[in-house]
2 protein chains.
Amino acid sequence: MNAYGTTIFAHLFGLLALILLLVWLLHYREGIEYDSDDPFRVFNVHPFMMFFGFIFLVGQAILTYQTVPGTYETQKIVHLTLHLIAIILGIVGLCAVFKFHDMMNWADVDSLHSWIGIGTFCLFGLQWLLGLAFMLQGSTQSRAAMAPWHVAGGRALFFMAICAALTGLMERYTSLKQPPQGETHLINFTGLAILLFGVFVDMTVGLTRYS
Amino acid sequence: MNAYGTTIFAHLFGLLALILLLVWLLHYREGIEYDSDDPFRVFNVHPFMMFFGFIFLVGQAILTYQTVPGTYETQKIVHLTLHLIAIILGIVGLCAVFKFHDMMNWADVDSLHSWIGIGTFCLFGLQWLLGLAFMLQGSTQSRAAMAPWHVAGGRALFFMAICAALTGLMERYTSLKQPPQGETHLINFTGLAILLFGVFVDMTVGLTRYS
């Protein structure tokens, strides 16, 4: 197995996580709708957008250099564009949870999950802007000096986004108190699939950089 | 800043996390004691041992190649020994939570936190044994072929251990329902310090491997 092997596993676990998340939100929970009077349907936009819109697309953006044929310049444009779409969809997901808190009259940004999530998202925006600035303005030399930091920072932020997702699942799970056994296991398997998606994306970068 | 800069940040956040965790467990919570009649004093052995005994020492073991002077062979022995101590202390921490569940008559290994934690710990033991086997038996060639996998696997497991810690904090926090504001913030800052410890240890490895 090489970096292409880990890419395949990354895709498998990413798709698995997406399917399990949809089964959970659509079958066991209330469904997904931004313009609903049921606050929980609004809330469910948040996990869906933060995983599928943000984390899944960011993972795809990271894997661009393995999966997209074409020149390095093309790959860079895809990498950058996927990240931009991920950030926009992530903002929709964040708006959903603020709207939910509003509907419930709950305080915002209270838990460890929200601190990690908001912090990661802001740093992510900064990382994207820095990447764009270096692409447009940097000299070949400054870009080469920046590259290891861009990679290390990006991997760290992706890792933090996975931590945000897992603490979020854990918070929702614990707040459900005693969900039926089937739902408990579904949530656990969803979390594991998200974690393994993160692990295999990260390993792909590590193994590619190494060789 | 280079890899040594990130090492310093790793140490700072590791120590900060340890101090915050102790303030939480000793001041806000019931204290730490394995042989206690108070199940919560027994439980508190678990977060303390899993962070200080396991994650903190594993982080130190990973940083060995930056922080321990001497030959590569010496660093390898320190790396291996610190991991062994971490695994032993981690087992104590795991026993504590099983003892707590016994005292409370609660089910074991039910939550996402426990699934991630147990899975990571088992794979960690396997990784350690494989590392030892290759050190003792492997040819120079097979060791060189194994090295990127050992590094990528080790980083993934360290990342998973941090996820286990954060989901654990999140579970305990949510189960406390309405802890006083001060305690809430303390738990959040502890979680962030653990996360940043993980990030800087991982960045150190990434930046060293890169150069």
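Residues numbered from 1 in each chain as written. Chains lettered and ligands numbered in written order. Predicted model: local features only at pLDDT ≥ 70, side-chain atom pairs only at ≥ 80, totals over all residues. Heavy atoms only, no water.

S.K.: Where do I start with the overall build of chain A in this structure?
M.R.: Looking only at helices and strands, chain A has seven helices and zero strands in total. Taking the principal axes of the C-alpha coordinates as reference, chain A spans close to 55 × 35 × 25 Å. Relative to its 211 residues, chain A shows a buried fraction of 53%. Only carbon and sulfur atoms are counted for the fraction: they give 69% of the accessible area of chain A, which is about 9500 Å². Positive and negative side-chain charges in chain A, numbering 9 and 12 respectively, have mean positions lying 11 Å apart. (Helix = DSSP H or I, 4+ residues; strand = E, 2+ residues; numbered from the N terminus. Buried < 20%, exposed > 50% of the residue type's maximum accessible area, 1.4 Å probe, protein only. Areas by Shrake-Rupley, 256 points an atom, 1.4 Å probe, with all protein chains shown as cover. Lys, Arg positive; Asp, Glu negative; His and termini not counted. Charge placed at Lys NZ, Arg CZ, Asp CG, Glu CD.)

S.K.: What should I look at first to understand unusual backbone geometry in this one?
M.R.: Peptide bonds are trans in most cases, and residues, glycine excluded, mostly fall at negative phi. All names here are of chain A. The residue Asn 105 is not glycine, and still its phi comes out positive at about 60 degrees. Structurally, the position occupied by Asn 105 is in the loop between α4 (72–104) and α5 (112–137). Even without being a glycine, Val 109 presents a positive backbone phi close to 50 degrees. Following the sequence through the fold, Val 109 ends up in the loop between α4 and α5.

S.K.: Even after reading the chapter, I still don't get the packing of helix α6 (residues 140–175) of chain A against helix α4 (residues 112–137) of chain B, so can you show me in this structure?
M.R.: Relative placement of two packed helices is described by the angle separating their axes and the distance separating the axes. It is the contact of α6 of chain A with α4 of chain B, at a shortest axis distance of 9 Å, that shows an interaxial angle of 135 degrees. Relative to α4 of chain B, the element α6 of chain A lies oblique. Every residue of α4 of chain B that contacts α6 of chain A at Leu 166, Leu 169 and Met 170 of chain A is listed here: Leu 112, His 113 and Ile 116 of chain B. Per-class residue counts for the contact of α6 of chain A with α4 of chain B are five nonpolar, one polar and no charged. (Axes fitted to C-alpha atoms, helices over the stretch in contact; angles between N-to-C directions. Parallel < 35°, antiparallel > 145°, perpendicular 65-115°, else oblique. Contact = heavy atoms within 4.5 Å. Nonpolar A, V, L, I, M, F, W, Y, C, P; charged D, E, K, R; others polar.)

S.K.: What am I meant to see in the relation of the copies chain B and chain A here?
M.R.: These two copies of the chain differ by a rotation about an axis and a displacement along the same axis. Overlaying chain B with chain A gives an RMSD of 0.0 Å, the required rotation being 180 degrees about an axis along which the chain moves by 0.0 Å. Those values place the two copies in the arrangement expected of a two-fold rotation axis. Rotation axis and chain B: the residue whose C-alpha lies nearest the axis is Thr 167 of chain B, separated from it by 2.5 Å. Interface overlap between copies: 100% of the residues of chain B at the interface are likewise at the interface in chain A, consistent with a symmetric, same-surface contact. (Least-squares fit on C-alpha atoms with pLDDT ≥ 70 in both.)

S.K.: Explain the interface of chain B and chain A here, please?
M.R.: Where interface size is given, it is often the accessible area lost as the parts come together that is meant. At the junction of the two partners, chain B supplies 42 residues and chain A supplies 43 residues. Carbon and sulfur atoms make up 82% of the area that chain B and chain A hide from each other, which totals about 3900 Å². Taken together, the links from chain B to chain A amount to zero salt bridges. Applying the counting rule to chain B against chain A returns four residue pairs in polar contact (both at pLDDT 80 or more). Mapped onto the side of chain B that touches chain A, the elements with two or more residues apiece are α4, α5 (140–175) and α6 (181–210) of chain B. Among the elements that line the side of chain B that touches chain A, the one with the most residues is α5 of chain B, at 19 residues. Partitioned by chemical class, the residues of the side of chain B that touches chain A number 24 nonpolar, 13 polar and five charged. (Buried area = accessible area lost by both parts, 1.4 Å probe. Salt bridge = Lys/Arg side-chain N within 4 Å of Asp/Glu carboxyl O. Polar contact = N/O pair within 3.5 Å; in protein donor to acceptor, adjacent residues only side chain to side chain.)

S.K.: Could you clarify how one ought to interpret the pattern of salt bridges in this entry?
M.R.: Charged atoms that come close allow side chains of opposite charge to pair. In this structure the tally under the stated criterion is 12 salt bridges over all chains. A salt bridge links Arg 29 of chain A to Glu 183 of chain A, with the shortest nitrogen-to-oxygen separation between them at 2.8 Å. Here Arg 29 of chain A, found in the loop between α1 (3–28) and α2 (39–43), pairs with Glu 183 of chain A, found in helix α7 (residues 181–210); they are 154 residues apart in sequence, far enough to count as distant. For Glu 183 of chain A, a relative accessible area of 1% corresponds to the buried category. Residues Asp 35 of chain B and Lys 99 of chain B are paired through a salt bridge, measuring 3.9 Å at the closest nitrogen-oxygen approach. Of this pair, Asp 35 of chain B sits in the loop between α1 (3–28) and α2 (39–67) while Lys 99 of chain B is found in helix α3 (residues 72–104), placing the two residues 64 residues apart along the sequence. Classification of Lys 99 of chain B as partly exposed rests on a relative accessible area of 25%. The network of salt bridges with common partners includes Arg 29, Glu 30 and Glu 183 of chain A.

S.K.: Just checking my understanding: could you explain a nonpolar patch on the surface for this structure?
M.R.: A surface patch of nonpolar side chains, amounting to about 340 Å² of accessible area, comprises Leu 15, Ile 19, Val 23 and Tyr 28 of chain A. Its place among the elements puts Ile 19 of chain A in helix α1. (Patch = residues over 30% accessible without salt bridge, like charges linked within 9 Å, V, L, I, M, F, W, Y side chains within 5 Å.)

S.K.: Help me understand the nonpolar core in this model?
M.R.: Note on soluble globular proteins: their nonpolar side chains tend to be buried together. Of all hydrophobic cores here, the largest spans 112 residues; its most connected members are Phe 51, Phe 54 and Ile 55 of chain A together with Phe 51, Phe 54, Ile 55 and Leu 195 of chain B. Here Phe 51 of chain A is in contact with Gly 14, Ala 17, Leu 18, Leu 21, Phe 56, Ile 194 and Phe 197 of chain A, once residues within four sequence places are set aside. (Core = buried A, V, L, I, M, F, W, Y, C linked by side-chain atoms within 4.5 Å.)

S.K.: Would you mind going over α1 of chain B with me for this structure?
M.R.: Three or four residues apart is the spacing at which side chains of an α-helix point the same way, because the helix has 3.6 residues per turn. Between its first and last C-alpha atoms α1 of chain B spans 36 Å; for 26 residues at 1.5 Å apiece the expected length is 38 Å, and the two agree. The complete set of buried residues in α1 of chain B reads Ala 3, Gly 5, Thr 6, Thr 7, Ala 10, Gly 14, Ala 17, Leu 18, Leu 20, Leu 21, Trp 24 and Leu 25 of chain B. (Expected span 1.5 Å × (residues − 1).)

S.K.: What exactly am I supposed to notice about the UniProt feature "transmembrane region" (unreviewed entry) in chain A here?
M.R.: All names here are of chain A. Sequence positions flagged by UniProt for "transmembrane region" (unreviewed entry) are, in local numbering, residues 7–28, 48–68, 80–100, 112–136, 156–174 and 186–207. This span, residues 7–28, is 100% helix and 0% strand, and a straight line between its end C-alpha atoms measures 31 Å. For residues 80–100, helix accounts for 100% and strand for 0%, while the C-alpha atoms at its two ends are 31 Å apart. (UniProt positions renumbered as here; feature names shortened; annotations may be inferred.)

S.K.: Mind showing me how you'd approach the packing of α4 of chain A against α5 of chain A here?
M.R.: Residues and elements named next belong to chain A. Two elements in contact, α4 and α5, have axes whose closest approach is 11 Å; the angle formed by their N-to-C orientations is 155 degrees. In terms of orientation, α4 and α5 fall into the roughly antiparallel class. As α4 runs across α5, the sense of the crossing is left-handed. Residue-level inspection shows Lys 76, Ile 77, Leu 80, His 83, Leu 84, Ile 87, Gly 90, Ile 91, Leu 94 and Phe 98 of α4 in contact with α5, the latter providing Ile 118, Phe 121, Phe 124, Gly 125, Trp 128, Leu 132 and Met 135. When the residues that make up the contact of α4 with α5 are grouped by side-chain class, the tally is 13 nonpolar, three polar and one charged. (Left-handed = near helix turned anticlockwise from the far one by under 90°.)

S.K.: In this structure, what is going on with the environment of Phe 134 of chain B? I would like to understand it.
M.R.: All names here are of chain B. The residue Phe 134 is located in helix α4 in this model. Assessed through its relative accessible area of 24%, Phe 134 is described here as partly exposed. For the pair Phe 134 and Ala 147, spaced 13 residues apart in sequence, the C-alpha to C-alpha distance is 9.6 Å. Discounting chain neighbours no more than four positions away, the residues touching Phe 134 are Ser 142, Arg 143 and Met 146.

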